[in-house]
Structures are given as structure tokens and as C-alpha cells.
Amino acid sequence: MRRVTLTQFLIEQQRAGRVSADLRLLLEVVARAVKAISVNVSKGALAGVLGEAGTDNVQGEAQKKLDVIANEILLLANEWGGHLAAMASEEVETVHQIPFDYPKGGYLLLFDPLDGSSNIDVNISVGTIFSVLRNPPGGGDPTEQSFLQPGREQVAAGYAVYGPSTQLVLTVGNGVHAFTLDREMGSFIYTHPFMTVPEETQEFAINASNARHWEEPVKRYIGELQEGKGGPRGRDFNMRWVASMVADVHRVLTRGGIFMYPIDEKCRAQGGKLRLMYEANPMAMLIEQAGGAATTGREHILDIIPSKLHQRIPVILGSKSEVDRVTGYHLEG
Ligand code: AHG
Ligand code: MN
Ligand code: MN
């Protein structure tokens, strides 16, 4: 069987007019950075990369060593290629400008370098999430304002999941495609063309320890699932919560289900738990491209006009009929 690499896939996308040469380079560079992160993640204790970095990020969260390492890898890999106007990262407070001695390009790259970092030290899957926007025309260095575009404007989005195998899942607006890292060859191989979120589902993912803080529509929806066969849904549902968004969304994308980090009384002051620009938006684009849906409970995530780089929002995504149902419960109230 002919093995198609990510490089070949991207060249074909470029020939079909779906990606520009610069976007192709950008995605190649992100994939290369992801391989380097994967090597560090998988070496674990052997490379001394586990544990706390001893610093806090802009959001007041304690950084793990691998948060810092993954962030550095992505920033350094993407600075010199000439494809980017600027970058933004969960781990960096403001816009990361391209050093003046490198050429600049037309794209903005945003990322969560290491998602699920509370899972690193216990050897559970973590990931990297990224989003690509166009730098709005207008000259000068990009500012925070340049990044504040709704998710519908994303030209590409994806994530890597560092699990038993490392996979890169990608959309350039033409379906969702996944690649598995062949570690010996060092190449991503095209293994999952046109992934779709299965419509029929029996799994839900939510941090149930927050149940007492949830709003009524979420209590109602989860309550109905928990009632199982004897309840209004007439069948049993199963629950999963990895606490790495990448791993939970990857499961939803692979075998269906719904993932929720809704607004609750615990996170209301911050607007939610998950970050709009480098967690919710790229995942929402992937899920919509795979035939699923993504809302805050009240509006489509991709329609939100961001107000700041590190904005947080509620996230409900996955199989369309389930997302529609729980969104309907919110809108009834
Ligand atoms: P990060 O490690 O990038 O800060 O993200 C962690 C996020 C997300 O991956 C996960 O779904 C969620 O936090 C887990 O939150 P709880 O610990 O509240 O379950
Ligand atoms: Mn994250
Ligand atoms: Mn992170």
C-alpha cells in the first residue's frame, strides 16, 4: 500500500488551491515542532522533563517544565520561516513578535503548547492545540487586536495528541484529516481521511465534581443521561473524563459523544474554564468540519468576537444532536 505522508498531503492541498505555499510551510513547521514535543513528552523522567517549572503563566497557573519546553519549541520553530506575522500562546502574556532580523509573512499562529499538563506527571495523554488566522492588512507589527477575530476566520486548525501513538489532526477547511507519527521514519503518515463525528453516541465527558456549581440546563441534560434506560432518553450512557481536552475531543471525534466544560459558579467570574482562541476555536472548527457542533450553550463558538487574547468561554461540543439538545435546554431557560 502506498503510504501518503503529511508532506505529500499538503502538496496536494496546495495544488488543489486549498492552501498557499506559506500556509503549507507553516503547517510543516508546526508538524516538525510537534515531533520534537512528542520526543520530549515520551522520554518523560529519562529526560528530566517532568515536574514543575517553578513559574506561573499569565493566567496564574503553575507551569510544568513541559509547558515551558513545548512553548519554546513552537516559538523557535516558527520564528524564522517567513510565513508568520506574529504568534500568541497560552504561556505568553502578550503577542510574540517575529524577531526583526527574520522576514515576516501573512499568518498569525496561536497555540496551547501543552494541553492537559496536569496529566504529564501521571503519564496520561496530553496534546498541543493550534489555530491559524490571517494577519489583517494595515501595516505595522500585529497587535492583540489583530488576533481578535472570530473562529470562523480560521484558515487552519489542529491538534496533536501524545498518546500511545502520536497523531496530528488537521483541517484547512476541507474536512478533518489525521496523521500518525511513524517514529522510526520520523514522518506523519496519513491514516484517517475525512474523519466524521458519529451521530449516534452513548458517551459524555464532563468534570462531574463541578455538578453542584452547574446551571439548570446542564443539570437537566446530565441528569437525563444519568437516568439511563429508565429515564427520558430510554438508554444508558457512559461517562469519560481524561482532563486533557485534546484526548477527550479526540475520543469524541473518533467514536462520537459530547464534551462539556460549561459555565458554572466556580468559573463564572473568568467567563469559563477553557480558552477561546487556542482551545475552543480550533476544536470547534475541527468538530464542525467533522459534521459535529460546538456552542457555549447559547451561541456558536465560531461566531464569538473575542475581546481579549486569553479570554475564557464555556464549551459544549461533539455529536450534533446532543449539542443541539443541550443548547436547546439553555435557550428555553
Ligand atoms: P491546560 O493544561 O492547557 O491548562 O488545559 C487544561 C484544560 C483542558 O485540557 C481540560 O479539559 C481541563 O483543563 C480540565 O479541567 P479540570 O481539571 O477542571 O477537569
Ligand atoms: Mn489546554
Ligand atoms: Mn496548556
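None of these values were measured; they are calculated from a predicted model. The numbering scheme is per chain: residues are counted from 1 as the chain's sequence reads. Going through the entries in the order they are written, you letter the chains from A and number the ligands from 1. The model is predicted, so local features are restricted to residues of pLDDT at least 70 and side-chain atom pairs to those at 80 or more, both for listing and for counting; the totals for chains, interfaces and linings are taken over all residues. As a convention, hydrogens and water are excluded, and side-chain values are obtained from all of the structure's heavy atoms.

1. Describing the pairing of strand S6 (residues 126–134)
In the case of a regular strand, side chains alternate between the two sheet surfaces. This is how the line gets drawn: For every residue, the accessible area obtained with a 1.4 Å probe (protein chains only) is divided by the maximum for its type, and the residue is called buried under 20%, exposed over 50%, and partly exposed between those limits. Secondary structure elements follow DSSP: runs of H or I of four or more residues count as helices, runs of E of two or more count as strands, with numbering from the N terminus. Only strands joined by at least two bridges in the DSSP assignment are considered to pair.
Taking burial as the measure, the nine residues of S6 include eight buried ones, the bulk of the element. Both strand S5 (residues 107–115) and S6 contribute to a ladder of seven bridges, which runs antiparallel. Counterpart to Leu110 in the pairing with S6 is Ser131.

2. Details of the pattern of salt bridges
Our working rule: Salt bridge criterion: a side-chain nitrogen from Lys or Arg within 4 Å of a carboxyl oxygen from Asp or Glu.
According to the stated counting rule, one finds 20 salt bridges in the structure shown. Shared partners join several salt bridges into a network, and the residues in it are Glu61, Glu90, Arg275, Glu279 and Arg312.

3. Examining the site of ligand 1
Definition in use: Working definition: residue near molecule or strand if any one of its non-hydrogen atoms lies within 4 Å of it. Polar contacts, as used here, are pairs of N or O atoms within 3.5 Å; protein pairs need one atom able to donate a hydrogen and one able to accept it. Residues neighboring in sequence count only if both atoms are side-chain atoms. Computed with a 1.4 Å probe, the accessible areas rest on the Shrake-Rupley method; for each residue, only the protein chains presented here act as cover. Using a 1 Å grid laid over the protein atoms alone, points where a 1.4 Å probe fits but cannot get out form a cavity; open sets with protein on both sides within 12 Å along at least 5 of 7 lines form a pocket; any residue with an atom within 4 Å of a point counts as lining. To decide whether a molecule occupies a pocket or cavity, check its atoms: if more than half lie within 2 Å of the grid points, it is inside. Nonpolar residues are Ala, Val, Leu, Ile, Met, Phe, Trp, Tyr, Cys and Pro. Charged residues are Asp, Glu, Lys and Arg, and all others, Gly as well, are polar. How far each domain reaches was decided by an automatic or database domain assignment.
Near ligand 1, the surroundings consist of 17 residues, among which Asp115, Gly116, Asn207, Met245 and Tyr261 are the closest. For ligand 1, an oxygen atom lies 2.8 Å from a polar atom in the side chain of Asn207. Glu279 places a side-chain nitrogen or oxygen 3.4 Å from an oxygen atom of ligand 1. Contact with the protein chains covers 85% of the free accessible surface of ligand 1, which is 470 Å². More than half of the atoms belonging to ligand 1 lie within 2 Å of the grid points that define the largest pocket. Within the residue set of the shell around ligand 1, elements represented by two or more residues are S5, strand S13 (258–261) and strand S14 (274–275). Examining the composition of the shell around ligand 1, we find that three residues originate from one element, S5, more than from any other. Looking at the shell around ligand 1 residue by residue, the classes come out as seven nonpolar, four polar and six charged. Both domains that furnish three or more residues to the shell around ligand 1 are identified here as domain 1 (6–192) and domain 2 (203–332).

4. As for the coordination of the manganese ion (ligand 3)
In plain terms, the rule: The donor definition counts N, O and S atoms within 2.8 Å of each metal and applies 3.2 Å to Na, K and Ca; water is not among these atoms, so some sites may look incomplete.
Ligation of the manganese ion (ligand 3) by protein atoms is provided by Glu90 (OE), Asp112 (OD) and Leu114 (O), these donors lying 2.2 to 2.3 Å from the ion. Summarised as a motif, the one-chain spacing of the donors to the manganese ion (ligand 3) is E-x21-D-x1-L. The metal-metal distance between the manganese ion (ligand 3) and the manganese ion (ligand 2) is 3.7 Å, with Asp112 coordinating both. Linking Glu90 in the loop between strand S3 (84–89) and strand S4 (96–97) with Asp112 in strand S5, this pair joins segments that are 22 residues apart in sequence. For the pair Glu90 and Asp112, a shared accessibility class is recorded, and that class is buried.

5. Describing helix H8 (residues 320–332)
Going by this rule: Between the first and last residue of a helix there are one fewer steps than residues, each counted as 1.5 Å, and that sum is the expected span. Arc definition: directions from the helix axis to the C-beta atoms. Note on contacts: a residue pair qualifies if any of its non-hydrogen atoms lie within 4.5 Å across the two residues.
Helix length check: H8 (13 residues) gives 18 Å between terminal C-alpha atoms against 18 Å at 1.5 Å per residue, within 8%. For H8, every residue scored as buried is listed here: Glu322, Val323, Val326, Thr327, Tyr329 and His330. Along the axis of H8, the buried residues cluster in a sector spanning 150°; they form a single face. More than 90 degrees from the buried face of H8, the exposed residues found are Leu331 and Glu332. Looking at the buried positions of H8, the neighbouring elements they touch are helix H5 (216–227), S13, strand S15 (293–295) and strand S17 (315–318).

6. Digging into the domain arrangement of the protein chain
Note the following rule: In short, buried area is how much 1.4 Å probe accessible area vanishes from two parts on joining, totalled over both.
With domains assigned, the protein chain is organised as domain 1 (6–192) and domain 2 (203–332). Of note, the centres of domain 1 and domain 2, computed from C-alpha atoms alone, are 24 Å apart. Facing 49 residues of domain 1, the contacting portion of domain 2 comprises 32 residues. Interface of domain 1 and domain 2: buried area, both sides summed, is about 2900 Å²; carbon and sulfur atoms make up 61% of it.

7. Side note on the sheet that holds strand S12 (residues 238–239)
For clarity, the cut-off: Lines fitted to C-alpha atoms define the axes here, with helix axes fitted over just the stretch in contact, and angles between the N-to-C directions of these axes take values from 0 to 180 degrees.
Judged by pairing direction, the sheet is mixed, and its five strands sit side by side in the order S12-S11-S13-S17-S15 without closing on themselves. Each edge of the open sheet carries a strand with a single partner, namely S12 and S15. Summarising the sheet, S15 and S17 pair through three bridges and their orientation is antiparallel. Bridging across to S17, Thr295 finds its partner in Ile316. Across the sheet, helix H7 (residues 276–289) touches S15 and S17, and the angle it forms with S17 is around 25°.

8. Overview of the coordination of the manganese ion (ligand 2)
Note on the manganese ion (ligand 2): its protein donors are Asp112 (OD), Asp115 (OD) and Glu279 (OE). The metal-donor distances range over 1.8 to 2.1 Å. Expressed as a motif, the donor residue spacing for the manganese ion (ligand 2) is D-x2-D-x163-E.

9. Section: the layout of surface pockets
What counts, and what does not: Grid points are joined across faces, edges and corners, and a volume is the space filled by probe spheres set on the points.
Quantified by volume, the largest pocket comes out at close to 460 Å³. Around the largest pocket sit 25 residues that line it, and Gly116, Ser117, Ser118, Ala243 and Lys273 are the ones nearest its centre. Only strand S2 (62–64), S5, S13 and S14 provide two or more residues apiece to the lining of the largest pocket. Taken together, the residues that form the lining of the largest pocket break down as eight nonpolar, seven polar and 10 charged. Quantified by volume, the second largest pocket comes out at close to 250 Å³. Looking at the second largest pocket, it is lined by 16 residues, and the ones nearest its centre are Val41, Ser42, Asn123, Ile124 and Tyr162. Of all the elements, helix H2 (residues 21–43) adds the most residues to the lining of the second largest pocket, at three residues. When grouped by side-chain class, the residues that make up the lining of the second largest pocket number seven nonpolar, seven polar and two charged.

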